[in-house]
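# Topology and contacts: notes
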Amino acid sequence: MEPRLLLHLTDEQREIQRVARDFAHREIAPYSRDWDRDGHFERSLVAKFGELGFLGMLIPEQYDGLGLDTATYLVALEEIATVDAAVAILMGVHNSLPTQMILRWGTEDQKQRFLRPMARGEYLGAFALSEPEAGSDAASLSTQAVRDGDDWIITGTKAWVSHGDAADVIIVMARTDTPDARHGAKGIGAFIVTPDLPGFKVGKHEDKMGMRASPTVQLSLEEMRVPGDRALGDIHRGFVYALQSLDNGRLGIAAQSIGIARAAFEHSVKYAGERRQFGAAIRDYEAIQFKLADMSTRVTASRALLHATAAAKDRGERITQFSSMSKLLASETAMWVTTQAVQIFGGYGYVTDYPVERLFRDAKVTEIYEGTSEIQRLVIARELYSTT
Ligand SMILES: Cc1cc2nc3c(=O)[nH]c(=O)nc-3n(C[C@H](O)[C@H](O)[C@H](O)COP(=O)(O)OP(=O)(O)OC[C@H]3O[C@@H](n4cnc5c(N)ncnc54)[C@H](O)[C@@H]3O)c2cc1C
């Protein structure tokens, strides 16, 4: 079904949307159900995304990226997420977080060494901020980086790292202040970590409710020796960099959520036309029509807010509040719309024969990662007071 976007897309954006949709239907859709069931991460997609330029969408051409604007990237991401939100994690994390951090705060040498191959899809990027005891309160993280000559020795456990077992470059946040002189958010550095570093170890693989085709792992860093030239920017400002990057990351989660919600809506429209009870298609009943109307309205409103925010970002405006609003609205829309979709499918919505139960499971985490809904509300409320 052709999505009714309410957006004016340029010819280039339409073309990228078409490429993303064709790719998703050809290379992902036939396998999604199996990957979800088996918890399988399809590593070959990284190179395929790379060939399309989809892993360097926001990276300038001088570093082998496509140098596109944010809206175009989000249009492509929504298409991938509509088919498989777990696969969209790979594209979203890589484009929004590690590559943007290196682009913005990396040295020229770091850009040549890491960003260029990341833009080409030769290296997959990941982002390691959370820890077992530091989630919403990420500034309380305890992974410690200690100077040893030119190098850093990093020790600690990072939690919930999306594709942390498959990534070639991981941006790891670690404390650069000392236990007796803590500086909170200002005593944390960001480091470019590669799995070949001595002391890098992949720990527990999480067995998840949804997004099962995206691996989520702990990383055990045991006196991991990191060369000094892997520190990103100011060694005490890594947490600030991470937070600023999450403003972008949340736009990606919003696009992913809209993709999930849109898929649930489209499956529901089709099913409501086919399923007959009491001698009529269930779409003839007002109770079902109202659900479909509300689903469509919420998806469209979420997308409109997201794209207005993307435009503000590309104009160089500060988007912290709108980015949180976009993520909050879209993720709660995804959860609400998928819940309605399961209801419209009745018992068939509760079994794996139809896709809406996967969409329902996948939707939940969008209200949790890159800041829970509660944290988004805190950010929005804080911004209200700082701007009025
Ligand atoms: C599948 C998955 C992938 C992830 N990928 C990554 C990744 O790639 N990199 C990474 O760094 N992290 C990742 N995360 C971690 C994710 O960002 C955290 O799970 C999230 O920030 C919440 O932290 P927590 O799980 O520790 O929950 P907690 O912070 O313990 O929160 C528990 C509950 O308390 C609420 N709460 C906490 N503080 C407050 C408050 N002040 N006021 C009101 N309510 C509050 C929360 O909203 C939540 O409902 C991922 C998580 C998942 C599940």
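You'll find the structure just up there.
Residues numbered from 1 in each chain as written. Predicted model: local features only at pLDDT ≥ 70, side-chain atom pairs only at ≥ 80, totals over all residues. Heavy atoms only, no water.

## Some details on the overall build of the protein
What counts here: The secondary structure listing takes helices from DSSP runs of H or I that are at least 4 residues long and strands from runs of E that are at least 2 residues long, numbered from the N terminus. Based on C-alpha atoms, the radius of gyration is set beside the globule rule, defined as 2.2 Å times the residue count to the power 0.38. Throughout this description, buried means an accessible area under 20% of the type-specific maximum (1.4 Å probe, protein chains only), exposed means over 50%, and partly exposed covers the range between. Here, two residues are considered to be in contact whenever any of their heavy atoms come within 4.5 Å of each other. Values of accessible area rely on a 1.4 Å probe in the Shrake-Rupley scheme; residue burial ignores everything except the protein chains shown. As used throughout, the charge tally considers Lys and Arg to be positive and Asp and Glu to be negative, leaving His and the chain termini uncounted. The atom standing in for a charge is NZ when the residue is Lys, CZ when it is Arg, CG when it is Asp and CD when it is Glu.
Within the protein one finds 12 helices and 9 strands. Taking 2.2 N^0.38 as the reference for a compact globule, 388 residues should give roughly 21 Å; the C-alpha atoms of the protein span a radius of gyration of 21 Å, in line with that estimate. In terms of principal-axis extent, the alpha carbons of the protein reach across some 80 × 50 × 40 Å. Counting only residues that meet the buried cut, the protein has 56% of its 388 residues in that class. Pairs at least 24 apart in sequence give 74% of the contacts found in the protein among residues at least 6 apart. Roughly 16800 Å² of accessible area belongs to the protein as shown, and the carbon and sulfur atoms make up 53% of that amount. Averaged over its 44 positive side-chain charges, the protein has a centre that lies 3 Å from the centre of its 53 negative ones.

## Quick notes on the nonpolar core
Note the following rule: Nonpolar core, defined: a set of buried Ala, Val, Leu, Ile, Met, Phe, Trp, Tyr and Cys residues in which side-chain atoms within 4.5 Å join the residues together.
The biggest cluster of nonpolar side chains holds 95 residues, and the ones touching the most others in it are Ile28, Phe49, Ile80, Met101 and Met173. For this core, the element with the most residues is helix H8 (residues 238-274), which contributes 16 residues. Discounting residues that sit within four places of it in the chain, Met173 has contacts with Met101, Phe127, Ala128, Leu129, Leu141, Thr143, Lys158, Ile188, Gly189, Ala190, Gly238 and Ala242. In this structure, Trp152, Ile170, Phe191 and Val217 belong to the second largest nonpolar core, which totals 20 residues.

## Some remarks on the packing of aromatic side chains
Using the following cut-off: Stacked, edge-to-face and tilted labels apply to pairs of Phe, Tyr and Trp rings (six-membered ring for Trp) whose centres lie within 6.5 Å, assigned for plane angles under 30 degrees, over 60, and everything in between, in that order.
Applying the stated criterion across every chain yields a total of 9 aromatic pairs. Measuring from centroid to centroid gives 4.3 Å for Trp105 and Tyr241, while their planes differ by 15°, and the two rings are stacked. Placement of Trp105 in helix H6 (residues 98-105) and of Tyr241 in helix H8 is noted, with a sequence separation of 136 residues between them. Here Tyr348 and Tyr354 contribute two aromatic rings whose centre-to-centre distance is 5.9 Å and whose plane-to-plane angle is 75°, an arrangement assigned as edge-to-face.

## Quick notes on the pairing of strand E5 (residues 188-193)
Test applied: DSSP bridges decide pairing: two strands pair if at least two such bridges lie between them.
Counting buried residues in E5 gives 6 out of 6 residues, a clear majority hidden from the surface. Of the two faces of E5, both are covered, the one formed by Ile188, Ala190 and Ile192 as well as the one formed by Gly189, Phe191 and Val193. Pairing of strand E4 (residues 169-175) with E5 involves 6 bridges; the strand directions are antiparallel. Considered in E5, the bridge of Arg175 is made with Ile188.

## Description of the packing of helix H4 (residues 70-83) against helix H5 (residues 85-96)
The following threshold applies: Interaxial angle, 0 to 180 degrees, is taken between N-to-C directions of lines fitted to C-alpha atoms, where a helix line uses only the stretch in contact. Angular relationships are summarised with four words: roughly parallel below 35 degrees, roughly antiparallel beyond 145, roughly perpendicular across 65 to 115, and oblique for the angles in between. Classes in brief: Ala, Val, Leu, Ile, Met, Phe, Trp, Tyr, Cys and Pro nonpolar; Asp, Glu, Lys and Arg charged; the others, Gly included, polar.
The contact between H4 and H5 brings their axes to 7 Å, and the two run at 155°. Taken together, the axis directions place H4 and H5 in an arrangement best described as roughly antiparallel. Contacts from Tyr73, Ala76, Leu77, Ile80, Ala81 and Val83 in H4 reach Ala85, Val87, Ala88, Met91, Gly92, Asn95 and Ser96 in H5. By residue class, the composition of the contact of H4 with H5 is 10 nonpolar, 3 polar and no charged.

## A word on the layout of surface pockets
The following threshold applies: Detection works on a 1 Å grid of protein atoms alone, calling trapped sets that fit a 1.4 Å probe cavities and calling open sets with protein on both sides within 12 Å along at least five of seven lines pockets, with lining residues defined by an atom within 4 Å of a point. Grid points are joined across faces, edges and corners, and a volume is the space filled by probe spheres set on the points.
Reported here for the second largest pocket is a volume of approximately 600 Å³. Around the second largest pocket sit 24 residues that line it, and Thr82, Val83, His267, Pro355 and Arg358 are the ones nearest its centre. Residue assignment for the lining of the second largest pocket shows that the elements contributing at least two residues are helix H1 (11-28), helix H2 (32-38), H4, H8 and helix H11 (356-364). Examining the composition of the lining of the second largest pocket, we find that 5 residues originate from one element, H8, more than from any other. Each residue belonging to the lining of the second largest pocket can be placed in one class, and the counts come to 7 nonpolar, 5 polar and 12 charged.

## Topic: unusual backbone geometry
Look at Asp64: it is not a glycine, yet its phi comes out positive at around 70°. Along the chain, the position of Asp64 falls in the loop between helix H3 (44-52) and H4. In this structure, Met211 is a non-glycine residue whose phi angle is positive, near 50°. Summarising the element assignment, Met211 is placed in the loop between strand E6 (200-205) and strand E7 (216-226). Residue classification places Met211 among the buried residues on the basis of a relative accessible area of 2%.

## Some words on the pattern of salt bridges
Spelled out, the test is: A side-chain nitrogen of Lys or Arg and a carboxyl oxygen of Asp or Glu constitute a salt bridge if their distance falls within 4 Å.
Applying the stated criterion across every chain yields a total of 31 salt bridges. Between Arg18 and Asp22 there is a salt bridge, with its nearest N and O atoms 2.7 Å apart. Of this pair, Arg18 and Asp22 are both found in helix H1, 4 residues apart, which corresponds to roughly one turn of the helix. Since its relative accessible area comes to 40%, Arg18 is described here as partly exposed. A relative accessible area of 36% places Asp22 in the partly exposed class.

## A look at the environment of Ala287
Relative to the helices and strands, Ala287 resides in helix H9 (residues 286-314). Separated by 178 residues in the primary sequence, Ala287 and Asp109 place their C-alpha atoms 60 Å from one another.

## Digging into the site of the ligand
Put simply, the test is: Whether a residue is near a molecule or strand is decided by its heavy atoms; if any one of them lies within 4 Å of it, the residue is near. By the criterion applied in these results, polar contacts are pairs of N or O atoms within 3.5 Å in which, for protein atoms, one can donate a hydrogen and the other can accept it, and in which residues neighboring in sequence qualify only through two side-chain atoms.
Near the ligand lie 18 residues; those nearest to it are Ser130, Ser136, Trp160, Thr372 and Glu374. Between a nitrogen atom of the ligand and a main-chain N or O atom of Trp160, the distance comes to 2.7 Å. One of the side-chain N or O atoms of Glu374 is found 2.8 Å from an oxygen atom in the ligand. For the ligand, the protein covers 65% of the area, taking 980 Å² as the surface of the free molecule. Breaking the shell around the ligand down by element, the ones donating at least two residues are strand E1 (125-128), strand E3 (151-162) and helix H12 (373-387).

## Here's the deal with the side chain of Ser373
With respect to the helices, strands and loops of the structure, Ser373 is situated in helix H12. Ser373 gets classed as buried once you look at its relative accessible area, which sits at 6%. Residues within four places of Ser373 in sequence aside, it is in contact with Leu328, Ser331, Glu332 and Glu367.

Honestly, that's just the spatial picture; any functional story needs more than this.
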